[in-house]
Amino acid sequence: MTASTHPPIDPELRAVLAAMPADQRHLLRPEDIPAQREDQVLMLRDIDDVLRRGGAVELEERQIPGPAGAPDLSVLVLRPARGQGPWPGVYHTHGGGMVLGTNRSGADELAQWVDEVGVVAVSVEYRLAPEHPHPAPVEDCYAGLVWTGAHCGELGIDPSRLIIAGSSAGGGLAAGTALMARDRGGPPLSHQILICPMLDDRGITPSSQELDGEGTWDRTSNLVAWTALLGDARGGPGVSPYAAPARATDLTGLPAAFIDVGSVDTFRDEAIDYAARLSQAGVAAEFHLWPGGFHGFDEVAPHTALGQAARATRLGYLRRAVSGGLGSG
């Protein structure tokens, strides 16, 4: 498949992208993974003060059991400093292309949800590829969900309002974990929030080919990430839907879904297709396509008009979900 012309990037976001140093665009090459991990650690070193939001959010790091025979997992628990539970729960699987990230990646939006909606958030730090290929990441995420479900009382979570959320690779892992919870009879999830989710290893959609050296996640980055997770199996016939949820043939019985993605995102078409197939399977699904948004635009530039709109829309969905204003799957 040859590259095609992509939609225009939003002018405000285009200016942000032009001002970004090339090494901050996360265009991924295998040899860059160690350095990008080190950069992320430095970037997140002082984030806890930000996450506390002036004392409105309490943080606790916990070590919990991983999957059978695997190491323990580290989870970051964010709780409202005011009020009394039980609160709705958000179980969070971070982004990073399956090869980057920690339980603090993307946690600034989680902290906003904790502060402004009143939820308890649990963010899991799963093992990363290529050192730990599939099924390690999704099995870690599922183990963390099982622990969260079993400790709702201790955590102050209302088990009837337990939501899974993730962005990018974390969106794919959230979708895969939701499939796993359905199939294994795991903790019941009321909703899933999938932000620009990474769902399809095959690279067969037009949007998966449109970006080459552009944006913040191009087709080469996508190829590198999926190869790190799946090795030679990538794109082949035997890939599990828990690794690549776009492969799932049965989407019935899944929790209600919120999915959003930018129009200039490698993951655009797979997100559109997953939202459509969820609806066709009888799942309550809400979908937003942000015109001119590149991958992760609201995380890179939350101050922009489009970034603010995307975050406000997700916040509104979460408010309605936890208040019972949206049907569960």
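Structure first, text after, so check above.
A brief structural summary.

Thresholds applied
- The residue numbers shown here count from 1 along each chain, following its written sequence.
- Selection of residues for local features in this predicted model requires a pLDDT of at least 70, selection of side-chain atom pairs for listing and counting requires 80 or more, and totals for whole chains, interfaces and linings are taken over all residues.
- Just so you know, side-chain values use all the structure's heavy atoms and leave hydrogens and water out.
- Counting from the N terminus, the helices are the DSSP runs of H or I reaching at least four residues and the strands are the DSSP runs of E reaching at least two.
- To estimate how far a helix should extend, the number of its residues minus one is multiplied by 1.5 Å.
- Exposure classes here rest on a 1.4 Å probe applied to the protein chains alone. A residue is buried below 20% of its type maximum, exposed above 50%, and partly exposed in between.
- Pairs of strands are assigned from DSSP output, requiring at least two bridges between the strands.
- Simply put, an axis is a line fit to the C-alpha atoms, just over the touching stretch for a helix, and the angle between two N-to-C directions goes from 0 to 180 degrees.
- Pairs of residues are marked as contacts when any of their non-hydrogen atoms sit within 4.5 Å.
- A carboxyl oxygen of Asp or Glu within 4 Å of a side-chain nitrogen of Lys or Arg is what we treat as a salt bridge.
- Here is the rule: rings of Phe, Tyr and Trp (six-membered ring for Trp) pair when centre to centre is within 6.5 Å. Planes less than 30 degrees apart are stacked, more than 60 are edge-to-face, and the remainder are tilted.
- Only lysine NZ and arginine CZ atoms are considered, and such an atom sits over a ring when it is within 6 Å of the ring centre and within 35 degrees of the ring normal.
- By definition, disulfides here are pairs of cysteine sulfur atoms that lie within 2.5 Å.
- Crossings are classed by handedness, with left-handed meaning an anticlockwise turn of the near helix from the far one by less than a right angle and right-handed meaning a clockwise turn.
- For this scheme, ten residues count as nonpolar: Ala, Val, Leu, Ile, Met, Phe, Trp, Tyr, Cys and Pro. Four count as charged, namely Asp, Glu, Lys and Arg, and the remainder, Gly too, count as polar.
- Orient the strands so they point away from the viewer, and a crossover whose first-strand-to-second-strand path over the helix runs clockwise is right-handed.

A few words on helix α12 (residues 305-322). An α-helix turns once every 3.6 residues. As a result, residues three or four positions apart point the same way. Its 18 residues place the ends of α12 26 Å apart at the C-alpha level, agreeing with the 26 Å of an ideal helix rising 1.5 Å per residue. When we look at burial in α12, the residues that qualify are L306, G307, A310, R311, R314, L315, Y317, L318, A321 and V322. Downstream of α12 by one or two residues, G324 has phi in the positive range, about 85°.

Take unusual backbone geometry next. Of note, the bond from G85 into P86 is cis; its omega dihedral lies within 30 degrees of zero at 5°. Inspection of the secondary structure assignment puts P86 in the loop between β2 (73-80) and β3 (87-93). A cis geometry characterises the amide bond from A129 onward to P130, with omega recorded as 0°. Backbone geometry at S168 places phi at a positive 60°, although glycine is not the residue there. Here S168 lies in the loop between β5 (157-167) and α7 (169-184). Looking at S168, the relative accessible area reads 9%, which means it is buried. Located in the positive-phi region is C196, a residue other than glycine, with phi close to 35°. Along the chain, C196 falls in the loop between β6 (191-195) and α8 (207-210). Judged by its relative accessible area of 5%, C196 is buried.

Within the open sheet, the eight strands sit side by side as β1-β2-β4-β3-β5-β6-β7-β8. Their pairing is mixed. Edge strands, defined here as strands with exactly one partner in the open sheet, are β1 (57-64) and β8 (285-294). Neighbour to neighbour, the strand axes of the sheet diverge by 20° on average, direction disregarded. Judged from the eight bridges that link them, β1 and β2 form a sheet pairing that is antiparallel. The residue of β2 that forms the bridge with V57 is P80. Contacts between helix α4 (residues 107-116) and the sheet are confined to β1, β2, β3, β4 (120-125), β5 and β6, with β2 contributing the most and set at about 35° to the helix. Relative to the sheet, α12 contacts β3, β5, β6, β7 (256-264) and β8, its axis offset from that of β8 by approximately 170°.

Turning next to the environment of Y317. Inspection of the secondary structure assignment puts Y317 in helix α12. Among the residues examined, Y317 registers a relative accessible area of 3% and is labelled buried. For the pair Y317 and E286, spaced 31 residues apart in sequence, the C-alpha to C-alpha distance is 8.9 Å.

Next up on the list: the pattern of salt bridges. Summed over all chains, the structure comprises 29 salt bridges. With its nearest N and O atoms 2.7 Å apart, the salt bridge here joins R104 to D48. In this pair, R104 is assigned in the loop between β3 and α4 and D48 in helix α3 (residues 47-51), connecting sequence segments 56 residues apart. Among the salt bridges present, the one from R127 reaches D140, with a minimum N-O distance of 2.9 Å. Of this pair, R127 sits in the loop between β4 and α5 (136-150) while D140 sits in helix α5, and the two are 13 residues apart along the sequence. The partly exposed category is assigned to R127, whose relative accessible area is 22%. Classification of D140 as buried rests on a relative accessible area of 0%. Taken together, the shared-partner salt bridges connect D108, E109, D260, D298, R311 and R314 into one network.

A separate point is the packing of aromatic side chains. Scanning the model with the defined rule gives one aromatic pair in all. The positively charged end of R184 is found above the aromatic ring belonging to Y142, 5.1 Å away from the centroid.

Moving on, we get to the state of the cysteines. Throughout the structure, instances matching the rule amount to zero disulfides. Counting only cysteine sulfurs, C141 is the nearest neighbor of C196, a cysteine outside any disulfide, at a range of 16 Å.

This paragraph deals with the pairing of β2. Here β2 lies mainly inside the structure; eight of its eight residues are buried. Covered by surrounding structure in β2 are L73, V75, V77 and R79 together with S74, L76, L78 and P80, the residues of both alternating faces. Across five bridges, the pairing between β2 and β4 is antiparallel. Bridge pairing in β4 places V77 opposite V122.

What follows is about the packing of α5 against α7. Angle between the axes and distance between the axes are the two parameters that describe a pair of packed helices. Running from amino to carboxyl end, α5 crosses α7 at an angle of 60°, the nearest separation of the two axes being 9 Å. In this structure, α5 meets α7 at a crossing whose hand is right-handed. Two secondary-structure elements touch here, α5 through P137, V138, E139, C141, Y142 and L145 and α7 through L173, G176, T177, M180, A181 and R184. Tallied by class, residues from the contact of α5 with α7 come to eight nonpolar, two polar and two charged.

A few words on the pairing of β3. By the criterion of burial, β3 is predominantly enclosed, with seven of the seven residues buried. Pairing analysis gives six bridges linking β3 to β5, with the strands arranged parallel. When the sheet's bridge partners are listed, G89 is paired in β5 with L162. Sheet analysis places β3 next to β4, joined by five bridges and oriented parallel. Paired with G89 across the strands is V120, a residue of β4. Note on the crossover from β3 through α4 to β4: the handedness is right-handed.

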